[in-house]
Amino acid sequence: MKRLEQLYEGKAKIIYATEDPDRVIQYFKDDASAFNGVKKGTIVDKGVINNHVSTTIFKYLEEKGVRTHLVKELNDREMLVKRLEIIPVEVVLRNVVAGSLAKRMGLPEGEKLKAPILEFYYKDDDLGDPMINEYHIKEFGLATAEEIEILRQQGLLINELLFEFFKQRNIRLVDIKLEFGRHKREVLLGDEISPDGCRLWHWETGEKMDKDRFRFNLGQVEEKYQEVYHLICNKA
Ligand code: UDP
């Protein structure tokens, strides 16, 4: 499948059309951004790592019955996916206190949650992705009641499956951001699942192995992305 014209360029990926109107190509860049685009930079080979890691995880989820947009990996930086109409709601699942939850609740990072927390954010860069709930989603027509139920159920299921998946690889899944989209009247998991959109801590040492290293200038950014890649892709 060859790529045709560029349809969209985001912060970390480019979407290209293909000869098939139902299929698009996700091209993974090395560009990194944080704090709603205020901090910009490059993480060498991040695109290759995120493409491979996402493909491995989407395949695993498909095996477990989760419907995703993955068709197949084409090469190091390109993934062929089903074309989605993205639902502008980011679904965040949390297992451990970190990031904006620590701030909002005035808690230190690292406290384990008794049960996963599910949150919705309105996917809008100009507004800085504000937190919303199902009343906002329904009122402003971002998704139907039926779709909200799918986001909730699939979100919790994916978090549960991936918590175990990462645990077997000595990684703690602290939190994760998921995006979904519509394809032929079906809701599929889209976007990517990589250290860019998850918090991943080493199971024993608690060392951060995700984009927080870039966000907060913790150093060894490339090394930790590589480590996640080896733990995920060499075991799978
Ligand atoms: N996240 C993301 N994109 C966003 C916001 C958050 O991928 O626009 C991910 C983030 O990497 C983390 C999880 O969602 O794994 C929860 O993020 P949080 O709400 O704590 O916000 P942050 O601290 O990243 O601003």
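Predicted, not measured: the structure shown is a model, and the values here were computed from it.

*Asks:* What exactly am I supposed to notice about the side chain of Asp 212 here?
*Replies:* Locating Asp 212 in the fold gives a position in helix H5 (residues 212–215). A polar side-chain atom of Asp 212 sits 2.5 Å from a polar atom in the side chain of Arg 215. Sequence-distant contacts of Asp 212, that is, excluding residues within four places in its chain, are made with Arg 199, Asn 217 and Leu 218.

*Asks:* I'm lost on the sheet that holds strand S3 (residues 23–28) in this one. Help?
*Replies:* Strand-to-strand pairing in sheets goes through backbone hydrogen bonds, with the strands running parallel or antiparallel. Overall, antiparallel pairing links the five strands, which are arranged S1-S2-S3-S7-S6 in an open sheet. Each having just a single partner strand, strand S1 (6–9) and strand S6 (70–75) make up the two edges of the open sheet. The average undirected angle you get between the axes of adjacent strands in this sheet is 25°. Bridge analysis of strand S2 (residues 13–17) against S3 gives five bridges, and the strand direction is antiparallel. The partner of Ile 15 across the bridge, within S3, is Gln 26.

*Asks:* Sorry, what's going on with helix H4 (residues 145–167) here?
*Replies:* The α-helix advances 3.6 residues per turn, and as a result positions three or four apart in sequence lie on the same side. End to end, H4 covers 33 Å across 23 residues, agreeing with the expected 33 Å (1.5 Å per residue, within 8%). Buried within H4 are the following residues: Glu 147, Ile 148, Leu 151, Gly 155, Ile 158, Asn 159, Leu 161, Leu 162, Phe 165 and Phe 166.

*Asks:* Explanation requested: the pattern of salt bridges in the structure shown.
*Replies:* Proximity of charged atoms lets side chains of opposite charge pair with each other. Within the structure shown, the criterion is met by 29 salt bridges. Residue Glu 119 is joined to Arg 94 by a salt bridge in which the shortest nitrogen-to-oxygen separation is 3.0 Å. Residue Glu 119 is found in strand S10 (residues 112–122), and its partner Arg 94 is found in strand S9 (residues 89–96); the two are separated by 25 residues along the sequence. Each member of the pair, Glu 119 together with Arg 94, is buried. Linked by salt bridges that have partners in common, Arg 94, Arg 104, Glu 119, Asp 175, Arg 199, Asp 212 and Arg 215 make up one network.

*Asks:* Help me understand the sheet that holds strand S11 (residues 131–132), please; the structure alone is not making it clear to me.
*Replies:* The five strands lie next to each other as S11-S10-S9-S12-S15, forming an open sheet whose pairing is antiparallel. Because the sheet does not close on itself, it has two edges, and the strands there are S11 and strand S15 (198–202). Bridging between strand S12 (residues 171–178) and S15 involves five bridges; their strand directions are antiparallel. Residue Arg 172 lies in a different strand from S15, and its bridge partner there is Trp 201. The sheet contacts of H4 involve S9, S10, S12 and S15, and relative to S12 the element is tilted by about 155°.

*Asks:* Before we go on, may I ask you to explain the site of the ligand in this structure?
*Replies:* Close to the ligand lie 14 residues, the nearest being Arg 94, Ser 100, Asp 175, Arg 199 and Arg 215. Within the side chain of Ser 100, an N or O atom sits 2.6 Å from an oxygen atom of the ligand. In this structure, Gly 197 approaches the ligand through a main-chain N or O atom, which is 3.5 Å from an oxygen atom. A total of 500 Å² of accessible area belongs to the ligand in isolation, and the protein chains cover 76% of it.

*Asks:* Help me understand the environment of Asn 234, please; the structure alone is not making it clear to me.
*Replies:* Take Asn 234: it is sitting in the segment after helix H6 (221–233). For Asn 234, a relative accessible area of 54% puts it in the exposed group. Along the primary structure Asn 234 and Leu 173 are separated by 61 residues, whereas in three dimensions their C-alpha atoms are 18 Å apart. Here His 230 takes part through its side chain, which lies 2.9 Å from a polar atom of the side chain of Asn 234.

Analysis parameters
The residue count restarts for each chain, going from 1 along the sequence in the order it is written. For a predicted model such as this one, the threshold for reporting local features is a pLDDT of at least 70, and the threshold for listing and counting side-chain atom pairs is 80 or more; totals across whole chains, interfaces and linings nevertheless cover every residue. The basis for the side-chain values is all heavy atoms of the structure; hydrogens and waters are excluded. For helices the rule is a DSSP run of H or I covering at least 4 residues; for strands it is a run of E covering at least 2, with both sets numbered from the N terminus onward. In protein, a polar contact means a hydrogen-donor-capable atom and an acceptor-capable atom, both N or O and within 3.5 Å, with residues adjacent in sequence counting only if both atoms are side-chain atoms; elsewhere, any N or O pair within 3.5 Å suffices. Any two residues having at least one pair of non-hydrogen atoms within 4.5 Å are treated as being in contact. Pairs of strands are assigned from DSSP output, requiring at least two bridges between the strands. Fitting a line to C-alpha atoms yields each axis, with helices limited to the stretch in contact; the angle taken between N-to-C directions then spans 0 to 180 degrees. One less than the number of residues in a helix, times 1.5 Å, gives the span that helix is expected to have. We call a residue buried when its accessible area falls under 20% of the maximum for its residue type, exposed when it is over 50%, and partly exposed in between, using a 1.4 Å probe and counting protein chains only. Throughout this description, the term salt bridge denotes a Lys or Arg side-chain nitrogen within 4 Å of a carboxyl oxygen of Asp or Glu. Nearness is judged by heavy atoms alone; a residue qualifies as near a molecule or strand once a single heavy atom is within 4 Å of it. With residues, only the protein chains shown are counted as cover, and all accessible areas are computed by Shrake-Rupley using a 1.4 Å probe.

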